[in-house]
Amino acid sequence: MINRILSLLILLITVAACQPASGTNALPTEIPFPTMTVGQRLDGQLPTPGGRPELAGVNPSTAVAAINRPTATPDTRTCPSRDDAVELTDLPDSRVAAIEALLFFLNSGGNPERLREALIGDWQVFGETGYLRDDVDLTGEGTPEIVMGYIAPGDVGTLLILGCQARRYTQLYETIADGLEPPQLVWLGEMNNNPTQEVVFSRRQCRDAEFCEFQTQIITWSAAQGRFVNLLSSSLHTLEVPTVRDIDTDEVAELVVTLSSNGTSETGPLRTGVNIYDWDGEQYILSIIQLDAPRYYIQVVHEGDKAFSNLQMQDAVSFYELALTSDDFRNWFNDDPVTVISYAYYRLILAYAFIGNGGEIIQALEQMRSEFSGDDEGILGVYIDMAETFVDTLSVTNDLHESCLAVQAVIEERSEAISLLNRYGSRSPQYDTLQLCPY
């Protein structure tokens, strides 16, 4: 009898293993996501409601006792017992002392509600943008952490996370911003179906009094490391605070960076559009870049230089010719009609030389001479000088490397060849001698 049952079980297991795996067809989205979001759906048979498969064949009385066994619940005793008589001390003089005072208050029985009142009324450190959240369990231990943004002593905008460990509150995380405004809390809760929940914040960072930007991080608790870790694959600095949205409706939230600024004197011209960071199962990576069309001539030329550096010469030629023939773009500096356009001619000649199109080289040089007649003696005519030097040397040596060596000698004597290109801000490409003539 036992052998027959074993044989039947083996047969059922074999048949089940041979069945094709069921799959789901994802609905098309407006923006196709190249990265895969893992762990979203499992298909399979569910047990009978209320049933417990591990109790099959067990004595009925034993099964009843097991079913009535209490389930695990958070151990609220891991935090100090509440004492409504506890008062928060006066605001200390340093940020470290302030954290010690906060921990003393909580470990003496103070509760988050009273703490919020004291921060607003007694310490007066919330300002216009302070906050305190105590409704999300970030570490997965059953007790919500306290996430607060306040103005620490020294007028420092601070984000602080406090949590219970070994029956006492302790500091789990701290980050500061430049200025009074604490880091903005963009998201607090589940983002990617991982066991622990996430905190997304953006803190202001200022290089000087006139230029500030936001650094955004996505942090989550790592039980293995005993600390919060950043889930962003790279450093993210933006002029505006990103948002968290489920763009592709896959129940995993993405970080959406809207690029709405055309640029500043510090950044230089910027492309507008949107960048989307998606979860790949381990971290958030830049998954989608959707940029609007360039608005400035220098941006078109930068695209040409990018294609040039990737040896995509036909694409580079297309960008340079677009800058030379279109009236749809703007000038970033007043002298762009000379500097940017003459540089575009110069780079177009280099691209034609790589392709081996001698006729186009001569035609581009003649057009440049015709358009900028009389400008080649001044500083703004440096790229005209470089183009003529390159073509003259190439006609004699028929060697791209020798031609570039001659051009590089011109660049060494005329530093404006580099400085005119490197003045377009921190977000624009930066050039050196070799990049201007790389052969």
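Scroll up to find the structure this text is about.
All of the points below concern the structure found in this document. This structure is a prediction, so every number in the text was calculated from the model and none was measured. (Residues numbered from 1 in each chain as written. Predicted model: local features only at pLDDT ≥ 70, side-chain atom pairs only at ≥ 80, totals over all residues. Heavy atoms only, no water.)

### Description of the state of the cysteines
1) Next: Under the defined criterion, the tally for this structure stands at 3 disulfides.
2) Next: Each sulfur in the disulfide pair Cys-79 and Cys-164 lies 2.1 Å from the other. As the torsion about the S-S bond is roughly 130°, the Cys-79-Cys-164 disulfide counts as right-handed. With Cys-79 in the loop between α2 (60-67) and α3 (95-107) and Cys-164 in strand β3 (residues 156-165), this pair connects stretches of sequence that are 85 residues apart.
3) Next: Given a relative accessible area of 14%, Cys-79 falls into the buried group.
4) Next: On the basis of relative accessibility, which here comes to 6%, the residue Cys-164 falls in the buried class.
5) Next: Paired by a disulfide, Cys-206 and Cys-212 hold their sulfur atoms 1.9 Å apart. (Disulfide = S-S within 2.5 Å. Helix = DSSP H or I, 4+ residues; strand = E, 2+ residues; numbered from the N terminus. Buried < 20%, exposed > 50% of the residue type's maximum accessible area, 1.4 Å probe, protein only.)

### Concerning helix α7 (residues 336-355)
1) Next: With 20 residues, α7 should reach 28 Å at 1.5 Å per residue; the first-to-last C-alpha distance of 27 Å fits that figure.
2) Next: Taking burial as the measure, the 20 residues of α7 include 17 buried ones, the bulk of the element.
3) Next: Downstream of α7 by a residue or two, Gly-356 has a phi angle that is positive, lying close to 95°. (Expected span 1.5 Å × (residues − 1).)

### Brief notes about the packing of aromatic side chains
1) Next: Taken as a whole and assessed by the stated rule, the structure comprises 14 aromatic pairs.
2) Next: Centroid distance Tyr-173 to Phe-201: 6.1 Å. Interplanar angle 55°. Geometry classified as tilted. Of this pair, Tyr-173 sits in strand β4 (residues 168-176) while Phe-201 sits in strand β6 (residues 198-208), and the two are 28 residues apart along the sequence. Each member of the pair, Tyr-173 as well as Phe-201, carries the same accessibility label: buried.
3) Next: Members of the aromatic cluster, connected to one another through ring pairs, are Tyr-173, Phe-201, Trp-221 and Phe-228. (Phe/Tyr/Trp six-rings, centres within 6.5 Å; stacked < 30°, edge-to-face > 60°.)

### Let's talk about the packing of helix α5 (residues 297-309) against helix α6 (residues 313-325)
1) Next: For the pair α5 and α6, interaxial distance at closest approach is 7 Å and the crossing angle is 165°. Comparing the axis directions of α5 and α6 gives the class roughly antiparallel. Considering only the axes of α5 and α6, their crossing is left-handed. Touching Tyr-297, Val-300, Val-301, Glu-303, Gly-304, Asp-305, Ala-307 and Phe-308 of α5 are Met-313, Asp-315, Ala-316, Phe-319, Tyr-320, Leu-322 and Ala-323, all from α6.
2) Next: Partitioned by chemical class, the residues of the contact of α5 with α6 number 11 nonpolar, 1 polar and 3 charged. (Axes fitted to C-alpha atoms, helices over the stretch in contact; angles between N-to-C directions. Parallel < 35°, antiparallel > 145°, perpendicular 65-115°, else oblique. Left-handed = near helix turned anticlockwise from the far one by under 90°. Contact = heavy atoms within 4.5 Å. Nonpolar A, V, L, I, M, F, W, Y, C, P; charged D, E, K, R; others polar.)

### Looking at the side chain of Thr-339
1) Next: By the secondary structure assignment, Thr-339 is in helix α7.
2) Next: Under the relative-accessibility criterion, Thr-339 is labelled buried at 3%.
3) Next: If we skip the residues at most four places from it in the chain, Thr-339 touches Leu-380, Tyr-383, Leu-420, Arg-423 and Tyr-424.

### Side note on the pattern of salt bridges
1) Next: The tally for this structure, following the rule as stated, stands at 17 salt bridges.
2) Next: Close ionic contact of Glu-303 with Lys-306 constitutes a salt bridge, the shortest N to O distance being 3.6 Å. In this pair, Glu-303 and Lys-306 are both assigned in helix α5, 3 residues apart and thus about one turn of the helix distant.
3) Next: Arg-369 serves as the salt-bridge partner of Glu-388, at 3.0 Å between the closest nitrogen and oxygen. Residue Glu-388 is located in helix α9 (residues 382-397), and its partner Arg-369 is located in helix α8 (residues 358-371); the two are separated by 19 residues in the primary sequence.
4) Next: Arg-369 gets classed as partly exposed once you look at its relative accessible area, which sits at 38%.
5) Next: Salt bridges here are not isolated pairs; linked through shared partners, they connect Arg-207, Glu-213, Glu-266 and Arg-427. (Salt bridge = Lys/Arg side-chain N within 4 Å of Asp/Glu carboxyl O.)

### Section: the pairing of strand β8 (residues 227-230)
1) Next: As paired elements, strand β7 (residues 211-222) and β8 share 4 bridges and run antiparallel to each other. Following the sheet pairing, Ile-219 is matched in β8 by Asn-230.
2) Next: Two successive antiparallel strands, β7 and β8, enclose a turn made up of 4 residues, where Gly-226 displays a positive phi of approximately 70°. (Pairing = 2+ DSSP bridges.)

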